[in-house]
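Notes for the structure review
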Amino acid sequence: MTIRIDAVSDVGCVRTNNEDMALVYGEQIRDDKMTMSFELQDDGRLTAIVSDGMGGYERGEVASEMATGLFDGFLDGLPEGLDTNDLVIELKRWCRETNGKILEAAQGTGMGCTFTGLFTYEGQAYIINIGDSRTYRLRRDFLKQMTTDHSERNRQHDESLPSNLIYNALGAEGAFIDVTPTRIVVGDKFVICSDGLSDMVDNDKIEQMVKDGCNAEALVDAAKQAGGLDNVTVIMVEVSE
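Residues numbered from 1 in each chain as written. Predicted model: local features only at pLDDT ≥ 70, side-chain atom pairs only at ≥ 80, totals over all residues. Heavy atoms only, no water.

A word on the overall build of the protein chain. On a plain count of helices and strands, the protein chain comes out with 6 helices and 13 strands. Expected size for 241 residues packed as a compact globule is a radius of gyration near 18 Å; at 17 Å, the protein chain falls within 12% of this value. A principal-axis box enclosing the C-alpha atoms of the protein chain has dimensions of 45 × 40 × 35 Å. Residue burial in the protein chain is summarised as follows: out of 241 residues, 54% are buried. Taking the contacts inside the protein chain whose residues are at least 6 apart along the sequence as the reference set, 72% of them involve residues at least 24 apart. Surface summary for the protein chain: the accessible area is close to 10,800 Å², and the carbon and sulfur share equals 44%. Taking the 22 positively charged and 43 negatively charged side chains of the protein chain as two groups, their mean positions are separated by 3 Å. (Helix = DSSP H or I, 4+ residues; strand = E, 2+ residues; numbered from the N terminus. Rg over C-alpha atoms; globule rule 2.2 N^0.38 Å. Buried < 20%, exposed > 50% of the residue type's maximum accessible area, 1.4 Å probe, protein only. Contact = heavy atoms within 4.5 Å. Areas by Shrake-Rupley, 256 points an atom, 1.4 Å probe, with all protein chains shown as cover. Lys, Arg positive; Asp, Glu negative; His and termini not counted. Charge placed at Lys NZ, Arg CZ, Asp CG, Glu CD.)

Quick look at the structure:
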């Protein structure tokens, strides 16, 4: 199958620096965009991750850069032949170790980051999530959020709570990672984004735009047209024959 990846990371309309970081096939992306296509072999590698930094100027961006860089190294260093259970154990170990490194680097400043996206290992796809950035999948014209927001609003089912009040992130005590094995089929489209998109553009509009064939830059532009109150990072992954 052919994979097309379209990624954009933008500072938005209000912030003065971009704390988001995208990781695409080993390349870290901030304040930039990229597009690539390749044939995904049965044991080929696909990596599409978004990390949203928190902690203020030059702190959140450190956390998101650390997390994406460490994850890329983790994937490169994975041994062959792990089954799903063993891989989940390795991902949880990576989460603990990375969390410790970010806590150590933070020195009490409160810097941290969310982390979500899609990767493949030996022909199996996985969706991972830490925090409230999101991974969506459009399949048969239906957009489904594949991740659960680790936010107090979601946990308490209380829409009056601030959307950015989260209980899980790299850089927080007890950080954990959700791991969901999944299948990639021809026709799938994945949208991986920081909350700079999902807080500005509702799911119905995201769904319609993706159905209409928009690219990542169009989704970023929609968030900016709605106010662009936060950094906006979007990766689109499209699967075709």
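Looking at where Arg59 falls in the secondary structure, it is placed in the loop between strand 5 (47-54) and helix 1 (60-76). Sequence separation between Arg59 and Thr109 is 50 residues; the distance between their C-alpha atoms is 8.0 Å. Non-local contacts of Arg59, meaning those with residues more than four positions away in its chain, are made with Glu19, Met54, Ala105, Ala106, Thr109 and Met111.

What follows concerns the sheet that holds strand 1 (residues 2-10). Strand order in the open sheet formed by 6 strands is 4-1-13-12-9-10, with antiparallel pairing between adjacent strands. Each having just a single partner strand, strand 4 (32-39) and strand 10 (142-145) make up the two edges of the open sheet. Ignoring which end each strand starts from, the neighbouring axes of this sheet average 15 degrees apart. Relative to strand 12 (residues 189-193), strand 9 (residues 134-139) runs antiparallel, the two sharing 5 bridges. (Pairing = 2+ DSSP bridges. Axes fitted to C-alpha atoms, helices over the stretch in contact; angles between N-to-C directions.)

This paragraph deals with the pattern of salt bridges. Under the counting rule described, the total for this entry stands at 14 salt bridges. For Lys224, the salt bridge identified is with Asp10, shortest N-O distance 3.3 Å. Remark: Asp10 occurs in strand 1 and Lys224 occurs in helix 6 (residues 216-225); sequence separation between them is 214 residues. A residue is classified by how much of its surface remains accessible, and Asp10, at 18% relative accessible area, is buried. The partner of Arg139 in a salt bridge is Asp188, with the nearest N and O atoms 2.7 Å apart. (Salt bridge = Lys/Arg side-chain N within 4 Å of Asp/Glu carboxyl O.)

Relative to the helices and strands, Arg137 is located in strand 9. We note that Arg137 is buried and unpaired, the nearest opposite charge coming from Asp188 at a distance of 4.7 Å.

Mapped onto the secondary structure, Ser198 falls in helix 4 (residues 195-198). If we skip the residues at most four places from it in the chain, Ser198 touches Arg134 and Tyr136.

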